[in-house]
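If you want the building blocks of each chain, they are given just below.
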Amino acid sequence: MSTIKERSEFILRTPAIGPALALVVAVVVFSITTDTFLNVDNLSLVVQQSLVIGTLALGQTLVILTSGIDLANAAIAVFATLLMAKLTLESGMPGVVALLIGIVVAAAIGAVTGGIVTGFRLPPFIVTLGMLTIVTAVSRIYAAGQSFPVTDDTLGFLGQKQYLFGQVEVTYGMVLMLVMYIGLWYALTRTAWGKHVYAVGNDPEAARLSGIHVRRSLLGVYVVAGVIYGIAAWQALGRVPNADPNAFQLGNLDSITAVVIGGTSLFGGRGSVIGTLVGALIVAVLRSGLTQAGIDNLYQDVATGVLVIAAVAVDRFSRGRQR
Amino acid sequence: MTPVLAAKGLVKRYGRVTAMDGADFDLNAGEVLAVVGDNGAGKSTLIKTLSGAVIPDEGEIRVNGEQVHFHGPLDARKHGIETVYQDLALAQAQDIATNMFLGREKRRPGFLGAVFRLLDSGGMRAEARRVLDELGITIKSMTQPVETLSGGQRQAVAVARAAAFGTRVVIMDEPTAALGVAESAKVLDLIGRIRERGLPVVLISHNMPHVFEIADRVHVHRLGRRVAVVSPKTHSMNEVVGLLTGALRMADDGTIEEVGVTTGLNR
């Protein structure tokens, strides 16, 4: 009897449903309209192309859930790639050590960002805008106009392929991204840490009065996000074994795009990492499909932009009806 | 009988403004004590002090006769004092069970809880359901987000949270202010049921009919201090209003007398 109501409540409570349907529709449409989209190699490539942005978007989701935004994520990851590459090339450091140093430095930058946001109560938009400028400049100074090829096996590990069922191309990077998404989904939905992240994004004052250490929770989010950006750097080196200070200049915005398309609210406290995964895949599918359909890159940007605005509009509309 | 919660000579100054000027307070076991006062009389400051949100400049607070020092809401909570704030302090997008246990979630026993920090979601839902049932609150699903509830239901969830965790005192700040007639009646019922469970309630309210319906004693606050404690059985609403506006005064022997009005105009 009340199934319709229950169903609509289920959709409201499971914000990844809409994006998932959109992903299915996009895949079906491109499969019908192009000859080359629907084959195992191309689908595998689509996923591989989403790895770096998908990982950056995972950290971005955390920050956005606390009603913040992180403009510096891609810059931090680029700096980490340079650090990892240069340490192995010039200091002869083992790849594992360089990798860990890169991730720790990314986490430390996250800690500084989080420390400024919580300590001085400054808006994350401004703080991360500043960090974007600083980290980008430091990267260029550190790289001194060069880019650094990566020869180390550990740093390139995520690009290595295995073949499932003899033909499905799977990289270790794909596995790692999936594991990270599942891990963070678990942490956000099944642990107190995650409940507190949502509560802080929802209503910081209510969270404080409920006995949550709001600042500690926020700081934790920025540090975890930093670790994720460090791992995004590893993903980037797996995709393209070359650390370039000019790479991923729009990575911050692309990651926000994936988060928003995935149904996470920019106002904080609502959304899911599963939605972000779907969002990252939608962008990759759209790019690939439009390319196969012979549509120019710039028109693909137009399509992505339209999608972002549509996603926010849908979010706003559904919220408006709810209240 | 030792009061469950008592305060003596509380003073709080904000710059030149004295919000509390030697305020006393007593809450006895098993009673509903209403705190009434005009806007700016310092009720909020008094209540925030008792719930740990404001630290007084002077004065002492006693819980069951023992002096305590609250440095934050968590300290008061550790002494079994729970507060229902006027804006309810609920995370709107999160569900009822999550809100009930926010900040004090229960983990699964054993390995899953200790290592994987897995929450006992089923257990918390069942516990939330049990408390709501006990208080006679009918809400269909514990996984409903709070924002889908009516104002009265939200109030009920906040009250149930306080009742579930409060072991000594429940403080409620204007619980009926935002509610309609029917929903207010339900909240008053709820207060009565908490009293039946043996928990004393401090009720801050502007609404005299509500106060007179439910309170055992009425604490009248004026100009930063307690000016009278009266019983709704022996005193009228008009007398209480007179006391809180300053038109009436309670003499040392407990009788109520009129205050001569000196406006300075008839000089």
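Residues numbered from 1 in each chain as written. Chains lettered and ligands numbered in written order. Predicted model: local features only at pLDDT ≥ 70, side-chain atom pairs only at ≥ 80, totals over all residues. Heavy atoms only, no water.

Draft legend 1. Spotlight on the overall build of chain A. Scanning chain A from N- to C-terminus turns up 15 helices and 4 strands. Here the C-alpha atoms of chain A give a radius of gyration of 20 Å, agreeing with the 20 Å that 2.2 N^0.38 yields for 323 residues. Principal-axis analysis of the C-alpha atoms gives chain A an extent of 70 × 55 × 35 Å. Counting only residues that meet the buried cut, chain A has 50% of its 323 residues in that class. (Helix = DSSP H or I, 4+ residues; strand = E, 2+ residues; numbered from the N terminus. Rg over C-alpha atoms; globule rule 2.2 N^0.38 Å. Buried < 20%, exposed > 50% of the residue type's maximum accessible area, 1.4 Å probe, protein only.)

Draft legend 2. Just the sheet that holds strand E5 (residues 66-68) of chain B, in detail. All names here are of chain B. Strand order in the open sheet formed by 4 strands is E2-E1-E4-E5, with antiparallel pairing between adjacent strands. Unpaired on one side and paired on the other, strand E2 (17-27) and E5 mark the two borders of the sheet. Averaged over all neighbouring strand pairs, the angle between strand axes comes to 30 degrees, with direction disregarded. The strands touched by helix H1 (residues 43-50) within the sheet are strand E1 (5-14), E2 and strand E4 (58-63), with E2 carrying the most contacts at an inclination of about 60 degrees. (Pairing = 2+ DSSP bridges. Axes fitted to C-alpha atoms, helices over the stretch in contact; angles between N-to-C directions. Contact = heavy atoms within 4.5 Å.)

Draft legend 3. The environment of Ala207 of chain A, seen in detail. Residues and elements named next belong to chain A. The residue Ala207 is located in helix H11 (residues 204-209) in this model. Expressed as a C-alpha distance, the spacing of Ala207 and Val197, which sit 10 residues apart in the sequence, is 9.4 Å. Setting aside chain neighbours within four positions, we find Ala207 in contact with Ala199, Val200, Ile212 and Val214.

Draft legend 4. Quick peek at helix H5 (residues 121-134) of chain B. Residues and elements named next belong to chain B. In this model H5 runs 20 Å from its N-terminal to its C-terminal C-alpha over 14 residues, within 8% of the 20 Å that 1.5 Å per residue would give. When we look at burial in H5, the residues that qualify are Met124, Ala128, Val131 and Leu132. Each buried residue of H5 lies within a common arc of 95 degrees when the element is viewed along its axis, so the set occupies one face. Packing partners of the buried residues in H5 comprise helix H3 (96-100) and helix H6 (151-165). After H5 finishes, the residue Gly136 shows a positive phi value of roughly 70 degrees. (Expected span 1.5 Å × (residues − 1). Arc of directions from axis to C-beta.)

Draft legend 5. A look at the sheet that holds strand E9 (residues 217-222) of chain B. Residues and elements named next belong to chain B. Strand order across the open sheet formed by 6 strands is E6-E7-E8-E3-E9-E10, with mixed pairing between neighbours. The strands lining the two open edges of the sheet, one partner per strand, are strand E6 (81-84) and strand E10 (225-230). If you compare each strand with its neighbour and ignore which way they point, the axes differ by 20 degrees on average. Where strand E7 (residues 169-173) and strand E8 (residues 201-204) come together, 4 bridges link them in parallel fashion. The residue bridging Met172 from the neighbouring strand is Leu203, located in E8. Sitting on the sheet, H6 touches E6 and E7, and the angle it makes with E6 is about 175 degrees.

Draft legend 6. Layout of the interface of chain A and chain B. Taken together, the contact pairs 21 residues of chain A with 21 residues of chain B. Summing both partners gives a buried area of about 2100 Å² for chain A against chain B, and 54% of it is carried by carbon and sulfur. Across the chain A-chain B interface, the total number found is 1 salt bridge. Here Glu147 of chain B and Arg270 of chain A are joined by a salt bridge, their closest N and O atoms 2.8 Å apart. For the pair chain A and chain B, the interface holds 12 residue pairs in polar contact (both at pLDDT 80 or more). For the side of chain A that touches chain B, the secondary structure elements donating two or more residues are helix H9 (172-190), helix H10 (192-202) and H11 of chain A. Top contributing element to the side of chain A that touches chain B by residue count: H10 of chain A, with 6 residues. Of the residues belonging to the side of chain A that touches chain B, the class tally is 7 nonpolar, 8 polar and 6 charged. (Buried area = accessible area lost by both parts, 1.4 Å probe. Salt bridge = Lys/Arg side-chain N within 4 Å of Asp/Glu carboxyl O. Polar contact = N/O pair within 3.5 Å; in protein donor to acceptor, adjacent residues only side chain to side chain. Nonpolar A, V, L, I, M, F, W, Y, C, P; charged D, E, K, R; others polar.)

Draft legend 7. Molecular detail of the pattern of salt bridges. According to the stated counting rule, one finds 19 salt bridges over all chains in the structure shown. Across the salt bridge formed by Arg287 of chain A and Asp301 of chain A, the nearest N and O atoms sit 2.7 Å from each other. In this pair, Arg287 of chain A is assigned in helix H14 (residues 273-292) and Asp301 of chain A in helix H15 (residues 297-322), connecting sequence segments 14 residues apart. Under the relative-accessibility criterion, Asp301 of chain A is labelled partly exposed at 39%. One salt-bridge network, in which partners are shared between bridges, spans Glu127, Arg130, Glu134 and Arg197 of chain B.

Draft legend 8. Just unusual backbone geometry, in detail. Residue and element names in this part refer to chain B. Positive phi values are uncommon outside glycine, yet Leu88 reaches one of about 75 degrees. Inspection of the secondary structure assignment puts Leu88 in the loop between E6 and H3. Leu88 sits in the buried class, given a relative accessible area of 12%. A positive phi is found at Arg117, a non-glycine position, where the angle reads about 55 degrees. Looking at the element boundaries, Arg117 is found in the loop between helix H4 (110-116) and H5. A relative accessible area of 41% places Arg117 in the partly exposed class.

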